[in-house]
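# Fold and contact review
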Amino acid sequence: MKNKLDSHITAYQRKNIYDFDIEILLDWYPKRVIENSKFASSFLELGLGHGFTTNIFSENYTRHIVIEGSPAIIGNFKERFPSCNTQIIESFFEDFQTAEKFDVIMMGFILEHVDDPLKIIKRFKKFLSSSGKIFITVPNAEVLNRRIGVAAGLLNNIEELSENDILVGHKRYYTVESLTDLIVKSGLKIKKTEGIYLKPLTTSQMISLSLDHKIINALCEIGVNYPELSCGIFVEASL
């Protein structure tokens, strides 16, 4: 039977206008993870996605493992990053088993895809070392450009899924409040909450401005302190 996750492969082949946002998000948050986990040697990452973060993390941790449920996405990653030697385990998150404990577990933009986010967090916190950290990133429903979209009548409500959300397999958006509630229910302790990329306009509008890289970086720097307005929400948690 065809793996249903393979149906989303087109979203990861760099043919989408939203790749503009994705590259900003996926370039920024690994820096925050690395900066806040300098002690770590073992790293477990959930999902390959576009492959940017996996390629970055593989160069910064002694042991780096990625769990990915889609053979097509694994194949796409190996074509794009042939020199990356990270260990990829083909498995659904719900089926993954190990006796190993990891210093860092990364859930980078995956909770919006899964059927039961609480179950996933509870399952994987069992694989975290006693002094380890779990980092979680999710898309923010209350990002500034969506707030403006609702006020302008371009969106029916703040959590409305777009055609692109459906294409990439999104099932939900999060807010700072809903993500905080989810993590607390899982039994983890939140150490830090940040924003990723303060995005004031639609993607097409942002692209049309041809902004200097320094401005994009500034939007990421400022967004750290405004998670409720940023494109993504970044949380550091522990046992």
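First things first, this report covers the structure right here in the doc.

What counts, and at which threshold
Within each chain, residues carry numbers counting from 1 in the order of the written sequence. The predicted origin of the model limits local features to residues at a pLDDT of at least 70 and limits the giving and counting of side-chain atom pairs to 80 or more, whereas totals for whole chains, interfaces and linings rest on all residues. Calculation of side-chain values draws on the structure's entire complement of heavy atoms; hydrogens and water are dropped beforehand. Definition used in this section: a nonpolar core is a set of buried Ala, Val, Leu, Ile, Met, Phe, Trp, Tyr and Cys residues joined via side-chain atoms within 4.5 Å. Three exposure classes are used, based on accessible area relative to the maximum for each residue type with a 1.4 Å probe and protein chains only: buried under 20%, partly exposed in between, and exposed over 50%. Labels follow the DSSP assignment, with helices taken as runs of H or I lasting at least four residues and strands as runs of E lasting at least two, numbered in each case from the N terminus. Should any heavy atoms of two residues lie within 4.5 Å, those residues are counted as being in contact. Classification of ring pairs uses Phe, Tyr and Trp, with its six-membered ring standing for Trp, and accepts pairs whose centres are within 6.5 Å; under 30 degrees between planes counts as stacked, over 60 as edge-to-face, and the remaining range as tilted. Charges are assigned to positions over rings by a cutoff of 6 Å between ring centre and Lys NZ or Arg CZ, combined with an angular limit of 35 degrees from the ring normal.

Attention now goes to the nonpolar core. Core analysis: the largest hydrophobic core is formed by 28 residues, its most contacted members being Leu-46, Met-107, Leu-111 and Phe-124. Contributing elements (two or more residues each) for this core: strand S1 (42–46), strand S2 (63–68), strand S4 (102–108), helix H4 (117–125), strand S5 (128–139), helix H7 (176–186) and strand S7 (232–238). Considering each element in turn, this core owes the most residues, four residues, to S5. Leave out the neighbours within four places in its chain, and Met-107 touches Leu-46, Ile-120, Ile-121, Phe-124, Phe-135, Ile-136 and Thr-137. The next biggest cluster of nonpolar side chains, apart from the first, holds 26 residues, and it includes Ile-22, Tyr-61, Leu-198 and Val-224.

Moving on: the environment of Asn-85. With respect to the helices and strands, Asn-85 occurs in the loop between helix H3 (71–80) and strand S3 (87–90). The class of Asn-85 is exposed, set by a relative accessible area of 68%. Counting along the chain gives 115 residues from Asn-85 to Pro-200, while the straight-line C-alpha distance between them is 37 Å.

Right, let's get into the packing of aromatic side chains. Following the criterion strictly, the structure yields 11 aromatic pairs and no others. Residues Phe-124 and Phe-127 carry aromatic rings whose centres are separated by 5.4 Å and whose planes lie at 85 degrees to one another, so their mutual orientation is edge-to-face. An aromatic cluster is defined as three or more aromatic residues linked by ring pairs; in this entry it consists of Phe-93, Phe-96, Phe-124 and Phe-127. One cation-aromatic arrangement involves Arg-80 over Phe-52; the distance from NZ or CZ to the ring centre is 5.1 Å. Taking the ring centre of Tyr-173 as reference, the NZ or CZ of Arg-146 above it sits at 4.2 Å.

So far we have only geometry, and geometry alone does not tell us how the molecule works.
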